[in-house]
Amino acid sequence: MEPLERFLSAAHMEEPDEVPVSLLASARFFSRFYGIKVFKFFHDPKLMLEATLHTMKRFPDIVFFPGLWADYGIVVEPSAFGSRIYWPENFAPYVKGDLFKNPENIRGLEPPDPKTDGLMPFVLESIQYIQKHAPNEVRYLYAVARGPFQVASYMRGPTEFLIDLRVRPDIAQKLIDVCTETTIEWLKVQLEVIDHPIGIFVPDDVASFLSPELFEKFGLPAYKRIFSGFDGLLKVYHNDADSTHILHLLSQCDFQVFNFSPATDIEIVKKGIGQKVCLMGNMDPVNILLRGTPETVEEECKRCIQIGAPGGGFILSLGGGPSMETPEENIEAMVNAAKKYGRYPISG
């Protein structure tokens, strides 16, 4: 099987020929391997495409997820609401300051227009450029939108947003509703310009900071609303904060692939939701892949495979994205470990 075929087989809860290897890679990682500053990557779709293809060619056995990607970091959605964005030379951009210091201003908030507001139209143009100039054998596959809790925390401030959930639940609900609608519409508009989409990708770490009670009240309805609207597409959810306490609720959210944190025990996740959702993870990107040796990487991959892979529905990955300084030999060790320990059938 080819790497992407292997990935999709696992994503649909099947047993491929061997465990697929995937890295959730973005601008900083691709920029490092192509030898350019991250700022250049973000501001030139030609370099964006070249850097991504270069890295894909360097590691042909890895499925880089989401693959071809008009990646402008975590700031796209907040920029559309009017947040101030700071662009470092060799780091990902970030939101500078809180847009809604006064929570009362949230009451009149409306979703942005993805075709005209903030960085969204630039992303759409970059998607079309990448599709036009990419080689025929590499396709643009996924629409990407940050989840509502991530976006809300960027605009209100993470601490203030979490306080609002308890102290001002009506205002918190209003902000979540607007951010949820933004996530949905932003995905839809991207899907309109992607020629052959196969899925959607929704990262949202902040949801894990909610208690089970608060997630059931605020998170479950929002996620159900998002993921239920894209039937027929592969639905991938990423959360690299510890989600042990809300696993039973996440299993009801209608996504098919869960990229989860190294802080979340893979054995608990496998027993809890691994019969319903494909697990993508969850090796530590810093303590193992960045700071470890090929030998420690192999041992951790072996452990993850032995726990996560039996019965299918498992993708060997990290619990987050790889650091831009990750040693190449450690990445190769992941691939080799999957070939060594990940051939099906795998018994538990």
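Look up: the structure comes first, before these words.
Residues numbered from 1 in each chain as written. Predicted model: local features only at pLDDT ≥ 70, side-chain atom pairs only at ≥ 80, totals over all residues. Heavy atoms only, no water.

**Overview of the sheet that holds strand S5 (residues 142-144)**
In any sheet, the strands associate via hydrogen bonds between backbone groups, in a parallel or an antiparallel arrangement.
For step 1, the next point in the chain: Strand order in the open sheet formed by 6 strands is S5-S6-S7-S8-S9-S10, with parallel pairing between adjacent strands. The outermost strands of the open sheet, each flanked by one partner alone, are S5 and strand S10 (314-318). The average undirected angle you get between the axes of adjacent strands in this sheet is 20°.
For step 2, the next point in the chain: By the bridge criterion, 3 bridges tie S5 to strand S6 (residues 199-203) in an arrangement that is parallel. Paired with Ala143 across the strands is Ile200, a residue of S6.
For step 3, the next point in the chain: Across the sheet, helix H10 (residues 212-227) lies against S6 and strand S7 (234-239), angled at about 145° from S7, the strand it touches most. (Pairing = 2+ DSSP bridges. Helix = DSSP H or I, 4+ residues; strand = E, 2+ residues; numbered from the N terminus. Axes fitted to C-alpha atoms, helices over the stretch in contact; angles between N-to-C directions. Contact = heavy atoms within 4.5 Å.)

**Overview of helix H7 (residues 148-156)**
For step 1, the next point in the chain: With 9 of 9 residues buried, H7 is to be regarded as a mostly interior element.
For step 2, the next point in the chain: Of all the residues in H7, the buried ones are Pro148, Phe149, Gln150, Val151, Ala152, Ser153, Tyr154, Met155 and Arg156.
For step 3, the next point in the chain: Tucked inside the fold, the buried residues of H7 contact helix H5 (76-81), strand S4 (94-95), helix H8 (158-167), helix H9 (169-193), S6 and H10.
For step 4, the next point in the chain: Two residues or fewer after H7 comes Gly157, characterised by a positive phi angle close to 100°. (Buried < 20%, exposed > 50% of the residue type's maximum accessible area, 1.4 Å probe, protein only.)

**Re the nonpolar core**
For step 1, the next point in the chain: Counting 123 residues, the largest nonpolar core has Phe149, Phe215, Tyr223, Phe258, Phe314, Leu316 and Met334 as its most contacted members.
For step 2, the next point in the chain: For this core, the element with the most residues is H9, which contributes 12 residues.
For step 3, the next point in the chain: Beyond its immediate chain neighbours, meaning those up to four positions away, Leu316 contacts Val19, Pro20, Val21, Ser22, Gly281, Cys301, Cys304, Ile305, Met334 and Ala338. (Core = buried A, V, L, I, M, F, W, Y, C linked by side-chain atoms within 4.5 Å.)

**Focus on the pairing of S10**
For step 1, the next point in the chain: Taken across its 5 residues, S10 has 5 buried, putting it largely inside the fold.
For step 2, the next point in the chain: Of the two faces of S10, the one holding Phe314, Leu316 and Leu318 and the one holding Ile315 and Ser317 are both buried throughout.
For step 3, the next point in the chain: Note that strand S9 (residues 278-283) and S10 share 5 bridges and pair parallel. When the bridges of S10 are listed, Asn282 appears paired with Ser317.

**Remarks on the packing of H7 against H9**
To describe two helices that pack against each other, one gives the angle between their axes and the distance between the axes.
For step 1, the next point in the chain: Their axes nearest at 8 Å, the elements H7 and H9 cross at an angle of 120°. By the angle class used here, H7 and H9 are oblique. Regarding H7 and H9, the two cross each other, and that crossing is right-handed. Listed contacts from H9 to Pro148, Phe149, Val151, Ala152, Met155 and Arg156 of H7 are Leu175, Ile176, Cys179, Thr180 and Thr183.
For step 2, the next point in the chain: In terms of residue class, the contact of H7 with H9 is built from 8 nonpolar, 2 polar and 1 charged. (Parallel < 35°, antiparallel > 145°, perpendicular 65-115°, else oblique. Left-handed = near helix turned anticlockwise from the far one by under 90°. Nonpolar A, V, L, I, M, F, W, Y, C, P; charged D, E, K, R; others polar.)

**What about the environment of Phe30?**
For step 1, the next point in the chain: Within the element layout of this structure, Phe30 appears in helix H2 (residues 27-34).
For step 2, the next point in the chain: On the basis of relative accessibility, which here comes to 2%, the residue Phe30 falls in the buried class.
For step 3, the next point in the chain: Each residue touching Phe30, except ones within four places of it in the same chain, is listed here: Ala25, Phe41, Ala51, Thr52, Thr55 and Phe64.

**Topic: the state of the cysteines**
For step 1, the next point in the chain: Following the criterion strictly, the structure yields 0 disulfides and no others.
For step 2, the next point in the chain: No disulfide involves Cys278; its nearest neighbouring cysteine sulfur is the one of Cys304, lying 13 Å away. (Disulfide = S-S within 2.5 Å.)

**A word on the packing of helix H12 (residues 266-273) against helix H14 (residues 294-308)**
For step 1, the next point in the chain: Two elements in contact, H12 and H14, have axes separated by 9 Å at closest approach and are oriented at 20°. Here H14 runs roughly parallel to H12, going by the angle between their axes. Judged by the sense of rotation from one axis to the other, the crossing of H12 with H14 is right-handed. Contact with H12, carried on its side by Ile266, Glu267 and Lys270, involves Arg303, Cys304, Ile307 and Gly308 of H14 and no other residues of that element.
For step 2, the next point in the chain: Tallied by class, the residues present in the contact of H12 with H14 amount to 3 nonpolar, 1 polar and 3 charged.

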